[in-house]
Every structure is written in structure tokens, then in C-alpha cells.
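Results of the structural survey
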Amino acid sequence: MLPDHTETTYLISTALADEVRSGLTQHPKQLSSRFFYDAEGSRLFSEIMHLPEYYLTRSEYEIIDNYKDQWLNLFAANDRPFDLIELGAGDGLKTKLLLTYFVEQGARFSYSPVDISETALDELTDDLSNKLPALTVSPQHGDYSDALARIAERTYDGADAPRRVVLFLGSNIGNFTPADALDFYAQLSASLRPGDLLLTGFDLQKHPAVIHAAYNDRQGLTKAFNLNLLRRINRELDADFNLAAFDHYETYSPETGEARSYLVSQTKQTVTIGALDMSVVFDYGEIIHTEISRKFTRRQIDELANQTGFTQTHWFTDCRHYFADVVYTK
Ligand code: AVI
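Residues numbered from 1 in each chain as written. Predicted model: local features only at pLDDT ≥ 70, side-chain atom pairs only at ≥ 80, totals over all residues. Heavy atoms only, no water.

**Looking at helix α2 (residues 39–48)**
Along α2, the residues classified as buried are Gly41, Ser42, Leu44, Ser46 and Ile48. Packed against the buried residues of α2 are α5 (118–131) and α9 (221–237). (Buried < 20%, exposed > 50% of the residue type's maximum accessible area, 1.4 Å probe, protein only. Helix = DSSP H or I, 4+ residues; strand = E, 2+ residues; numbered from the N terminus. Contact = heavy atoms within 4.5 Å.)

**Description of the site of the ligand**
Taken together, Tyr37, Phe45, Tyr54, Gly170, Ser171, Asn172, Asn175, Tyr215, Thr222, Phe225, Glu291 and Ser293 are the residues near the ligand. The separation between an oxygen atom of the ligand and a polar side-chain atom of Asn175 is 2.9 Å. Protein chains shield 98% of the accessible area of the ligand, which is 340 Å² for the free molecule. Using a 2 Å cut-off from the grid points, one finds that the ligand occupies the largest cavity. Elements with a contribution of two residues or more to the shell around the ligand: α9 and β12 (287–294). Tallied by class, residues from the shell around the ligand come to five nonpolar, six polar and one charged. (Near = heavy atom within 4 Å. Polar contact = N/O pair within 3.5 Å; in protein donor to acceptor, adjacent residues only side chain to side chain. Areas by Shrake-Rupley, 256 points an atom, 1.4 Å probe, with all protein chains shown as cover. 1 Å grid on protein atoms, 1.4 Å probe; cavity = no way out; pocket = protein on both sides within 12 Å on 5 of 7 lines; lining within 4 Å. Sits in = over half its atoms within 2 Å of the grid points. Nonpolar A, V, L, I, M, F, W, Y, C, P; charged D, E, K, R; others polar.)

**Some points on the nonpolar core**
Membership of the largest hydrophobic core comes to 70 residues, with the highest contact counts inside it found for Phe75, Leu84, Phe102 and Phe241. Here this core gets eight residues from one element, more than from any other, and that element is helix α3 (residues 55–75). Apart from residues lying up to four places away in sequence, Phe241 is in contact with Leu24, Leu230, Ile233, Asn234, Phe246, Val271 and Phe282. Membership of the second largest hydrophobic core comes to 26 residues, among which are Leu148, Phe176, Leu204 and Leu304. (Core = buried A, V, L, I, M, F, W, Y, C linked by side-chain atoms within 4.5 Å.)

Here it is, written out as C-alpha cells:
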């Protein structure tokens, strides 16, 4: 039996059950990083964003701070109101900087953060209602396909209809395989109208050692983040993973631009997953692949737009050229 908490927990547990059943019977074993973000996983990721090695957040913060006025001119061109839809908003650390500036400038816009973590979304919404009470916030709990469906179903009438501006910051796109990224952007493109915008944060290829360190920090927070997936499976699917018997291992290939995270079994062991009535045998050193974080070249970013019906119109980068926020126009 699956634990019966709220309806939401039940739905996610069902998705997690399917993932665990299929992922741990494959060779090599794998689990999707989309299950990292329970309350503890979201908390750990917020801490990762402050790590000295995790340059991504600081680089993108610098871009937003430097170009927020240009972004506002772009989003509100011809004084049109806009709907800002943020996919994977998380704790909104960087977006708050943008929202505060837009509100101060008297911009006419609403904000819809979408996130898979209900805790992160509740905290963000509470914080915004305290700090920016005048802002209209419509949070949406769900994954990216729920968000796509919502975007597609929004209908607007009249000459003053808001333009849609979709934000997909933080290199969340890097957690998709190339095929899934193409598919997702093609669907996004199909649900937007001419003139709508998509702004994506891409982590750029750079010295491999800089990238490798970002996913292998000295404090061990990335390790804890990765291992937390096993803790979640223990809690939600009545499993008995011994976290001390698994290690975190990271690779970065400058040839493919992929950082990959693994959990490694440090011993030969059998794990029982009560809710699935299943046991899983791990050999010495056997891995579970848990995450891909892709790093992009400018050419790949151009191609993604060209192949999915967008036109790339603006490119913003930080002073080290580590990260780029790129605007595609529909
Ligand atoms: C959310 N995502 C963009 C992060 C990344 O960099 O791939 C998740 C992460 N994994 C390990 N550290 C951070």
C-alpha cells in the first residue's frame, strides 16, 4: 500500500512508484532528477545556490541585475501589459530582484510561478504577498507538462491583451536530454502566439574543472541533495535504502557538455521497496544515474530556436561569459 497523505502526495508517490519500478529494473539503473524536489530537496537546492562552487546562480543574478531595465522595455514594448509565467520558479531568489524592479517602475503585469514543489511555491507566494502586496500572483503547482497545458488554455481577448512572457531560468533546460528539450520547446512554441517571448537561462560550456567543481562541492551539499532521493523513496515507498552505503559521483564530459550525477553502491546489497513489493540487488560499485546537467554552446542555443519555431532575438551574458539569458521570440 502507498502511504495515504494528501491527494497531491499520493499522485506524486504514484509517479515516483512508476519511476522507481522502471528505473531500478533497467541496466544501468536510473532515476529522474525531477524527483529531487521534495521539501528537503528544495531546501538543499536553495543552499546549493549559495555555494562558492555553484557559479550558475551568481552569474544569472548578475545578468538580471545589469539588464533588468532592458528586460522591462522588451517585455512591456508599446506599453502592453504582460503575463510573466515562470517555469520551475523554486524559491524565486533571482526573480524577486526582477519583480521588485518591475513593480517599482509601475509595470502592468501579473506573475504566475509554476513549480513541482508545493512547499517552495507556498513560501514564494507568502514572501511576495508581504514584500510586493500590489503584485497579482497566481501560483500553479505542477510539472512542466501541466504548465504547458495551462499556457495553451489561457485565452485573451481585445487589443490590450497581455503578451505572454515565459521565463525558464537557472539552466533548468540543462536537466532535459537533447531530445526532450527539443520536444518541450516545440510544444511551448505551439502554445504561444506571435510576439510572445521565451527567456531561457543557459549554462555555457567553459573550463571543465569549473563545471565539475559546481557539482562536487567541498561541503558535500550536492552529495546530500543526490542522496536525499533515496531518503524520499524510503519515506514515500516504504523502502530501506541505507544512505551510508551509497556515495555521490559526478562526471563532466567537455565533449558532450554533460555533467552527470550518479549514486554508487559501496557494497553488494539488497534493498527492499515495500510499497512496490520489490527487492533490488546492487553489486559492488553499481551505479544509479540520477541527473544530467547540460552545458551549451552558442551554436546549440541558436539551433534550439531554429528547430522549434522561435527566432532568437536577444542574448545577455555575465562578465565571465559563464551563463547566458537568451530571448526567443515567437
Ligand atoms: C535545477 N538544476 C538546474 C540544477 C543543475 O544545476 O542542474 C540542479 C542541481 N543539481 C546539482 N546541483 C544543482
